[in-house]
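The chain contents come next:
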Amino acid sequence: MNLLRLVIDNLVRNPMRTILTSLATMIMVLVVTGVFSILSFLAAATTEKAENMKGIVSERWQIPSQMPWSYAASLKEGAPYQPGDLKVAPKDSMTWSFYGGSTDSNPKNRSVNTILFAFCLEPQALLTMMDDLDTLKGPPRKDLEASVAKLEQNRIGIILGRERAKSLGKAVGDRFTVYSFNYKDINLEFEVVGLFPPGRYDLSSAIRGDYLQSSLDAWSREHNGQLHPMAGKSLNLVWLRLKDQKIFSQVSDQILTNPSFTSPSVKFETASSGVGTFLQAYRDLIWGMQWLLAPAILFTLSLVISNSISINVRERRTEFAVLKVLGFRPWQILLLVLLEALLVGVTSGLVSAGGTYLLVNNVMGGLRFPIAFFGSFYIPEAAWWWGVAIGGGTAFVGSVFPAWSARTVKVAEVFAKVA
Amino acid sequence: MTQLFAVLTFFWNHRPETLAVALLAVAGLGLISRVPVAYSAMNLVVRWWTVSLTIFAFVLVIGLLIVMLAFVNGMYALTKTSGQPGNVIILADGATDESFSNLAITDVSDIANQPGIVRVDNAPLVSRETYVIVNQPIIDGAEGRPKRRFLQVRGVDNPEISATVHGLKLMPESRWFSDAGVGPLPGAPIDAAPAVEIVLGNGIARELGLDRKPEVRAKAKDAERLVPGDTFALNNRTWLVVGVLESSGGTYDSEVWGKQSLLGPMFGKDNYSTLVIRTKDAATAEQMRDFFANKDDKGYTKAKLNAIVETKYFEGLSQTNVQFLIGAVIVAVFTAVGGIFGVMNTMFAAISQRTRDIGVLRLLGFRRSQILVSFLLESMLLAIIGGALGCAIGCFADGWTANSIVSGGPGGGGGKFVVLKMQVDAAVLSTGMLLALTMGFFGGLIPSISAMRLTALDALR
Amino acid sequence: MNPEYVRVLHVHKWFRRGSEQVDVLNDLTLQVAEGEFVGLMGPSGSGKTTLLNLIAGLDRPTSGEVWVKDQCISAMSEGQLAGWRTRGIGFVFQFYHLLPVLSAYRNVEMPLLLLPLTAAERKERVLTALDLVGLADRVHHRPGQLSGGQQQRVGIARAIVTDPDLIVADEPTGDLDAKSAEEILALLCELKTSLNKTIVMVTHDPRAAARADRVVHLEKGQLVTEPTPISAAM
């Protein structure tokens, strides 16, 4: 298109201004992309699904949820206790206990580089129940399957996230001991049997649930049958996957009415609702990011673009007048200015969002923003078009006014001043 | 690198002073420049459209920074004021936080009677507490409010003593809950189940008040908050507010207080979680901490305990503050860099419009450096106006209440859900102005240098 | 067909300056025949440029009518005027007003971008126009690399590239040295005689005016001497 050629010529004419505007756009798009990534992830995590929903059984009142391990067997099946009750298949359930500790025996030396938090679960659940891992495909899936198989063979096996392995300085095959701070005196020895695929679980680690439970029993035997303080509290959550809303409410009824779960009593809620409750504490923070931070940045960006285009238009008034004399229509001149802004905005937005996507996901390994139990965030693929939309949108808003004033340049007035 | 960090920390800790020095430096530049400041100022007036756009961008960037910092400031205020000097928190051995701690009843009595604890009327100043975080479903709540929340419930034995230990006071028209922890619901039939009597922290009284439906709020004694006499439902019981605590600015503002012997078992925690003892001063507190933690095996041995000086405990909860502060600074730096590019645009345009002026000034005998300073001042002037307006707008955030969380980070155990008051103070405002000045300086520098390098003849051609 | 190619009929033009009304053109009537080269002279503020802008459709009269060929351009909308200008008129400026970032070729091509032409057709026309003004060897130079006279030739090439019948020129030699001015005037005469263009030229320079078929003097918004009607020679 001929107009497009003109647009590019004009952008090249004042490279400094084009570059400055484009840099400003890139920086702002970067920040907004980061904010949107976090918001969209949280929104997705708290959106109720209609089918294949995951539900969480936890202690009814207290946070953190601590249930006796004796609950596990029945809860894993959806707590059927009457004839005709539904029974959840093993592949659709998972028990979680949290084991935390440090590779350094001295509590004073605890640091980010020695700390480890592990999910204690059934090895197979890693493949069938863990968010994102259950949908893993291709070679990473094969790798994980191999690691899980090794974990099933090896009672003291541990699968580490890549970041975690790096900070602990451990590789597959290494053995080490962890000194726990939430299970006092339950210091466990581990052997690394595999790594999580890169991404969401970079900082996590997983061990076998039965390893932790049998270690508690062993502690009792060594202490003349005395119970470990954490005995009776070593089951934190039970996950169940249910096909649809109807089955969900039926299983929910089973769990809530089952007389075995009264001390402590339990509750059953969808994963998204559970996450939502945790996020309540961050409600105002999220509100601020969504309604103050992002709009303020977008607005600032529009102002910067508007400023740059206004300057541009004012400098080129004579030129627009000449174009009018040559027969260019006002709307063509408007379009010229708009296109110029849009080209800069869209290109910078795309480059910035795309760059952020590649940089954060592939180089930085996620955006560190500890909120609730989420550690780091990934830029979704949608960021590519966010960039285009943010860059284009702000460029449009910023250039409408200057473009209109370029459109309305009065030829006679411009030349009256010149001649 | 560490030196740079030390220097930055120094400036950060002395922000108002740094701002004063920076402003003096700007004023100094105005004196050296010789090009009348009025010339710069008038030029801003003439290009009012571009200038107002630029100033507006400053206002937004600075205003945003102020709001973010006010939030973090509110969190720091919370963790700083929650602890009482002289208090020591005693938890079970191995418990990293109150919610994981279980103290045996027998141990508690023994601990309370150790020497070194302040006594009033021959009773030790010891607060025996069971702290539970309760997952509260909000039944019949208002639109747009959460469906569930984590309610922090603290059951205490003797509320007067506990309040004294924590330095808390009841608001007027408030009373403590009865010794049984329950009482008759006003206006209810005699044989009705008694209500759970509780006292609310100032912040949570407001949060719970906002959960009510608009029509309920319209008829309430106070539409904004729960006051003595109001009720809410939890665990199939009616909970009657008998008192509200005066705002202490600390984490206790976000707690619900009731009778330990009632609330502990109700939520599945029969034991005490926490014992807070009052000693006569901060130094004694350190000694008592060492004693109860059995440091060097020379202290208390009847039970294995974890003891923490209370002020230290709350300082330890500032991990989240640091994270948020870092987040705010990162966002501010990025937006500021974006803003700098905007200012550069404006200043480059200003200079290309006034090329002839520069030529004339040079012919009149002004030195290059004076031209540089003149344009730099113009951009700083922009920054000062925009920054001041941004600060003024940011001031509205002062006193806003917001929900947040304070925690000791990974390994530190559970966090506390808090209602905080955002605080704009001199340090925050200075940060805003300093950022504005920095943006003005860097945004103006390169264009000014390019103006300086123009030769008179080129400029006049 | 009316031999009077341009007809300015009883035109008034006034501006408001504050509360004061400034009459620029006062009941002015002027007719220019097809193929005629008219010089427009007069002191500053006499309304020459305003008159030229009216003829070129850049401005509207307060009252009265301006006809070019068989169209009343004073009654056209902005959009119609812009379309008409592309084909109907070529404008030559005192300060050339070339776009500094574009080569001579691209500058001349500019108005053609508005016409439904293929790239090959445009190229042919641009090269013809540049050849006609004698700049065939300067096609890819930018305005900054050309002398004033050469820049004005590019300006003229741009004015004639759409092949309009009417060319208006606002002091086309005002910014040129005597030799270049002479060449530009010769070029304009050439356009008139060989391509039968109608030319209206505002000028201060008596030597330039001498090249015109007829010179019209303006003073205080009115023609000073009645133009001698030329016989309907066509």
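Residues numbered from 1 in each chain as written. Chains lettered and ligands numbered in written order. Predicted model: local features only at pLDDT ≥ 70, side-chain atom pairs only at ≥ 80, totals over all residues. Heavy atoms only, no water.

**A few points about the overall build of chain A**
As a reminder, the rule being used: Think of it this way: any DSSP run of H or I at least four residues long counts as a helix, any run of E at least two long counts as a strand, and we number them from the N terminus. Based on C-alpha atoms, the radius of gyration is set beside the globule rule, defined as 2.2 Å times the residue count to the power 0.38. The buried label goes to any residue with under 20% of its type's maximum accessible area, the exposed label to any with over 50%, and the partly exposed label to all in between, with areas taken from a 1.4 Å probe on protein chains only. Residue contacts are counted whenever heavy atoms from the two residues lie within 4.5 Å of one another. The Shrake-Rupley method, run with a 1.4 Å probe, gives the accessible areas here. Residue values count only the displayed protein chains as cover. Under the counting rule used here, the positive set is Lys and Arg, the negative set is Asp and Glu, and His together with the chain ends is not counted. Just so you know, the charge point we use is NZ for Lys, CZ for Arg, CG for Asp and CD for Glu.
If you tally the helices and strands in chain A, you get 14 helices and twelve strands. Relative to a compact globule of 419 residues, whose C-alpha radius of gyration would be 22 Å, chain A shows 29 Å and is clearly more extended. With the C-alpha coordinates of chain A rotated into their principal frame, the extents come out at 105 × 50 × 40 Å. The proportion of buried residues among the 419 residues of chain A is 54%. Residue pairs in contact within chain A that sit at least 24 positions apart in sequence constitute 76% of those at least 6 positions apart. Total accessible area on chain A is roughly 17700 Å²; 60% of this is exposed by carbon and sulfur atoms. One finds the centroid of the 40 positive side-chain charges in chain A at a distance of 8 Å from the centroid of its 33 negative side-chain charges.

**Brief notes about the overall build of chain B**
Within chain B one finds 16 helices and 14 strands. On C-alpha atoms alone, chain B measures out to a radius of gyration of 30 Å, which is more than a quarter above the 23 Å that the 2.2 N^0.38 rule sets for 461 residues. The C-alpha extent of chain B, read off along each of the three principal axes, is 100 × 60 × 35 Å. For chain B, buried positions account for 54% of its 461 residues. Of the roughly 19700 Å² of accessible surface on chain B, 63% is carried by carbon and sulfur atoms. Counting 40 positive and 38 negative side-chain charges, chain B places the centres of these two groups 10 Å from one another.

**Things to note about the pairing of strand β11 (residues 274-278) of chain B**
Residues and elements named next belong to chain B. Rules: Should DSSP find at least two bridges between two strands, the strands are taken to pair.
Burial within β11 is extensive, with five of its five residues counted as buried. Burial along β11 is two-sided: Thr-274, Val-276 and Arg-278 facing one way and Leu-275 and Ile-277 facing the other are all buried. Two elements, strand β1 (residues 87-92) and β11, share four bridges in a ladder whose sense is antiparallel. Bridging from a neighbouring strand, Ile-90 pairs with Leu-275 of β11. Both strand β4 (residues 126-137) and β11 contribute to a ladder of four bridges, which runs antiparallel. Considered in β11, the bridge of Glu-129 is made with Thr-274.

**Some points on the arrangement of the chains**
No other pair among the two pairs of chains in contact exceeds the contact count of chains A and B. There is no contact between chain B and chain C; across them, the least C-alpha separation is 14 Å.

**Here we look at the interface of chain C and chain A**
For clarity, the threshold we go by: Two parts placed together each lose some accessible area under a 1.4 Å probe, and adding up what both lose gives the buried area. Salt bridge, as used here: a side-chain nitrogen of Lys or Arg that lies within 4 Å of a carboxyl oxygen of Asp or Glu. Polar contact is the term for a pair of N or O atoms within 3.5 Å; when the atoms are in protein, one must be able to donate a hydrogen and the other to accept it, and sequence-neighboring residues count only if both atoms are side-chain atoms. We call Asp, Glu, Lys and Arg charged. Ala, Val, Leu, Ile, Met, Phe, Trp, Tyr, Cys and Pro are nonpolar, and the rest, Gly among them, are polar.
With 25 residues of chain C at the contact, the number on the chain A side is 22 residues. Note on chain C versus chain A: buried area summed over both sides is about 2200 Å², and carbon and sulfur give 66% of it. By the criterion of area lost to chain A, the three top residues of chain C are C:His97, C:Val101 and C:Leu114, representing 21% of everything that side buries. Summed over the shared surface of chain C and chain A, the number is zero salt bridges. The interface formed by chain C and chain A contains two residue pairs in polar contact (both at pLDDT 80 or more). When residues of the side of chain C that touches chain A are traced back to their parent elements, those giving at least two are α2 (78-88) and α3 (104-109) of chain C. Top element by residues in the side of chain C that touches chain A is α2(C). It accounts for six residues. Here the side of chain C that touches chain A is built from residues that sort into 13 nonpolar, five polar and seven charged.

**What to know about the packing of aromatic side chains**
For clarity, the threshold we go by: Here a pair means two rings of Phe, Tyr or Trp (six-membered ring of Trp) with centres within 6.5 Å. Their orientation is stacked below 30 degrees between planes, edge-to-face above 60, and tilted elsewhere.
Scanning the entire structure with this criterion turns up 34 aromatic pairs over all chains. Summarising the aromatic geometry, the rings of A:Phe36 and A:Trp386 are spaced 5.6 Å apart at their centres and angled 85 degrees between planes, so their arrangement reads as edge-to-face. A residue pair is termed long-range when its members are at least 10 positions apart, and A:Phe36 in helix α2 (residues 15-45) and A:Trp386 in helix α13 (residues 383-407) qualify at 350 residues. Here A:Trp386 falls in the buried class, since its relative accessible area comes to 11%. Pairing A:Phe299 with B:Phe56 gives two aromatic rings, centres 5.6 Å apart and planes at 85 degrees, and the pair type is edge-to-face. Of this pair, A:Phe299 sits in helix α10 (residues 283-315) while B:Phe56 sits in helix α4 (residues 48-81), placing the two residues on different chains.

**Structural notes on the domain arrangement of chain A**
Residue and element names in this part refer to chain A. Going by this rule: Domain start and stop positions are those given by an automatic or database domain assignment.
Per the domain assignment, the segments of chain A are domain 1 (2-45 + 282-418) and domain 2 (62-264). Summarising the inter-unit geometry, the C-alpha centres of domain 1 and domain 2 are found 47 Å apart. Of the roughly 400 Å² buried between domain 1 and domain 2 on both sides combined, carbon and sulfur atoms contribute 51%. The three residues of domain 1 that bury the most area against domain 2 are Phe-41, Arg-368 and Tyr-378, which together make up 69% of that side's buried surface. Between the two partners, domain 1 and domain 2, sit zero salt bridges. Between the two partners, domain 1 and domain 2, sit one residue pair in polar contact (both at pLDDT 80 or more). Among the residues forming the side of domain 1 that touches domain 2, the class breakdown is two nonpolar, one polar and one charged.

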